[in-house]
Amino acid sequence: MKFPKLLFLIPLIFLTISSCSSDDSSQDNEPEVVNPTSQKLISVVYPSSQLMAYSMPREQYRYDNLKRINSILSPGYLNGVTYVNDNLIEVDLLLENVSNADIEQKTVMHLKSNIIEFSITNKIFRLTDTKAIYRVDRDSTVYTYENEYVSRVMVYHKTLIQGDGKYRLENQIDSKVTNGNITELKRIEFGKVIITNYTYDTNPSISMGDLAYDTPLFLMGGLFNIILKDRLGKKSANNIIAIENTYEEIPFDKSYKKINFKRNLDKYGRLSEILMSGSAITSNVNNVSTDFTDEKVIFKYE
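Residues numbered from 1 in each chain as written. Predicted model: local features only at pLDDT ≥ 70, side-chain atom pairs only at ≥ 80, totals over all residues. Heavy atoms only, no water.

## Description of the overall build of the protein
The helix and strand tally for the protein stands at three helices and 16 strands. Looking at the 302 residues of the protein, the share that counts as buried comes to 44%. Looking at the protein alone, contacts between residues at least 24 apart form 46% of all its contacts between residues at least 6 apart. Roughly 16400 Å² of accessible area belongs to the protein as shown, and the carbon and sulfur atoms make up 52% of that amount. (Helix = DSSP H or I, 4+ residues; strand = E, 2+ residues; numbered from the N terminus. Buried < 20%, exposed > 50% of the residue type's maximum accessible area, 1.4 Å probe, protein only. Contact = heavy atoms within 4.5 Å. Areas by Shrake-Rupley, 256 points an atom, 1.4 Å probe, with all protein chains shown as cover.)

Okay, here's the thing in structure tokens:
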């Protein structure tokens, strides 16, 4: 759905909330007292340097009275999150101003004991002038678990109207767990095999420490990994410090070869940033392989 004026105003509304609280505090000469237990994560900013293989848009979050994320704002998009019951979460695209079509999108997540079992995303494309439907895409994602860890993710896709309407396996991810950590993912994407190996430290895992490119959460959690980060089975015990991808053939689209991670905490012990250094490769003669250093994922609380 397109509401250009509303899309313009929504970021201002998000900012106004923060600005008002800042203005109020500036009028008080006493130092601001922050209670970190009452604060929530309000945004994640991913690195978007041209040195990176790909990037995620900045995300901003708002919460309901049960401290659950109920809206996700990113440039050009606003998604609303509804917790229908303990076993059903719906994510609706409320506003978008990016494509040249009117888009309706709903993702329905089916859970059991707060663990995702499968999800279905339905995406309807309409002509902006006549509102006639000209394409329908549907993705069905199935999650399998072994010893409480997610062991397989299978993504099926079908296209209606412009396609034959038959589901086909598009992507598959299989995991390997060693000593309480997911140490390997085998991905089959459009028939090509990618092996991702993970190296861990020996420290207890840091909350949200895997909200970064090519981690198991990033690859298996999909577009709404912020919603699934605590609903994707048992977490790895330690923190990823290095990733290495091995490709069946060098990808045409620029992709990560290696990533090393460092994490910084704020004075309250919360994750404040993840620093990524590594390399990206491509077989595209019109593109170039690159190295990057200390590119940051930044976490903000309020």
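Next comes the rest of the account.
## Topic: the side chain of Glu59
Its location among the elements puts Glu59 in strand 2 (residues 59-63). Buried charge Glu59 goes without a salt bridge, the closest partner of opposite sign being Arg58 at 9.8 Å. Excluding anything up to four places from it in sequence, Glu59 contacts Ile42, Ser43, Val44, Ile72, Leu73, Ser74, Leu223 and Ile226. (Lys, Arg positive; Asp, Glu negative; His and termini not counted. Salt bridge = Lys/Arg side-chain N within 4 Å of Asp/Glu carboxyl O.)

## Focus on the packing of aromatic side chains
Applying the stated criterion across every chain yields a total of eight aromatic pairs. Judged by centre distance (5.7 Å) and plane angle (55°), the ring pair of Tyr54 and Tyr213 falls under tilted. On the criterion of sequence distance, the pair formed by Tyr54 in the loop between strand 1 (41-45) and strand 2 and Tyr213 in the loop between strand 12 (192-200) and helix 2 (216-221) is long-range, its members being 159 residues apart. For Tyr213, a relative accessible area of 0% corresponds to the buried category. (Phe/Tyr/Trp six-rings, centres within 6.5 Å; stacked < 30°, edge-to-face > 60°.)

## A closer look at the environment of Lys267
Relative to the assigned elements, Lys267 resides in the loop between strand 14 (255-265) and strand 15 (271-281). C-alpha separation for the pair Lys267 and Pro36, spaced 231 residues apart in sequence, amounts to 9.9 Å.

## Focus: the nonpolar core
A general feature of soluble globular proteins is that nonpolar side chains tend to end up buried together. Ranked by size, the top nonpolar core spans 51 residues in total, and within it Met109, Tyr213, Ile227, Met276 and Phe299 carry the most contacts. Ignoring sequence-local partners within four residues, the contact set of Tyr213 consists of Tyr46, Pro47, Met52, Tyr54, Ser55, Met56, Phe218, Ile243, Tyr256, Ile259, Phe261 and Met276. (Core = buried A, V, L, I, M, F, W, Y, C linked by side-chain atoms within 4.5 Å.)

## Re the pairing of strand 8 (residues 133-146)
Of the pairings in the sheet, the one linking strand 7 (residues 115-126) to strand 8 comprises nine bridges and is antiparallel in character. From the neighbouring strand, Phe125 faces strand 8, where its bridge partner is Arg135. What sits between the antiparallel neighbours strand 7 and strand 8 is a turn of six residues, in which Lys131 has the positive phi angle 65°. Bridge count between strand 8 and strand 9 (residues 149-160): eleven bridges; the pairing is antiparallel. By the bridge assignment, Arg138 is partnered in strand 9 with Lys158. Between strand 8 and strand 9, which pair antiparallel and follow one another directly, the connecting turn spans two residues, one of which, Asn147, has a positive phi of 55°. (Pairing = 2+ DSSP bridges.)

## Details of the confidence of the model for the protein
Detailed conclusions should not be drawn from predicted coordinates in areas where pLDDT is low. For the protein, the mean per-residue pLDDT works out to 90, and 89% of the residues sit at or above 70. Taken together, the stretch residues 3-9 has pLDDT below 50 and engages in eight contacts with residues farther than four places along the chain or on a different chain. Note on residues 16-26: pLDDT is under 50 here. Beyond four places in sequence and across chains, it has two contacts. (pLDDT = per-residue confidence, 0-100.)

## Details of unusual backbone geometry
Despite not being glycine, Asn179 has its phi angle at roughly 50°, a positive value. Of note, the phi angle at Phe190 is positive, near 55°, even though the residue is not glycine. Looking at the element boundaries, Phe190 is found in the loop between strand 11 (181-189) and strand 12. Using a relative accessible area of 62% as the deciding quantity, one classes Phe190 as exposed.

## What to know about the pairing of strand 11
A regular strand places its side chains on the two faces of the sheet in alternate fashion. Bridge count for strand 10 (residues 168-178) against strand 11 is eight bridges, and the pairing is antiparallel. Following the sheet pairing, Val177 is matched in strand 11 by Ile182. Count of turn residues in the strand 10/strand 11 antiparallel hairpin: two residues, of which Asn179 carries a positive phi of about 50°. Note: strand 11 against strand 12, six bridges, orientation antiparallel.

## Quick notes on the pattern of salt bridges
Applying the stated rule across the entire model yields 15 salt bridges. Between Asp64 and Arg68 there is a salt bridge, with its nearest N and O atoms 2.9 Å apart. For Asp64, a relative accessible area of 18% corresponds to the buried category. For Lys192, the salt bridge is made with Glu249, and the minimal N-O distance between the two is 3.3 Å.

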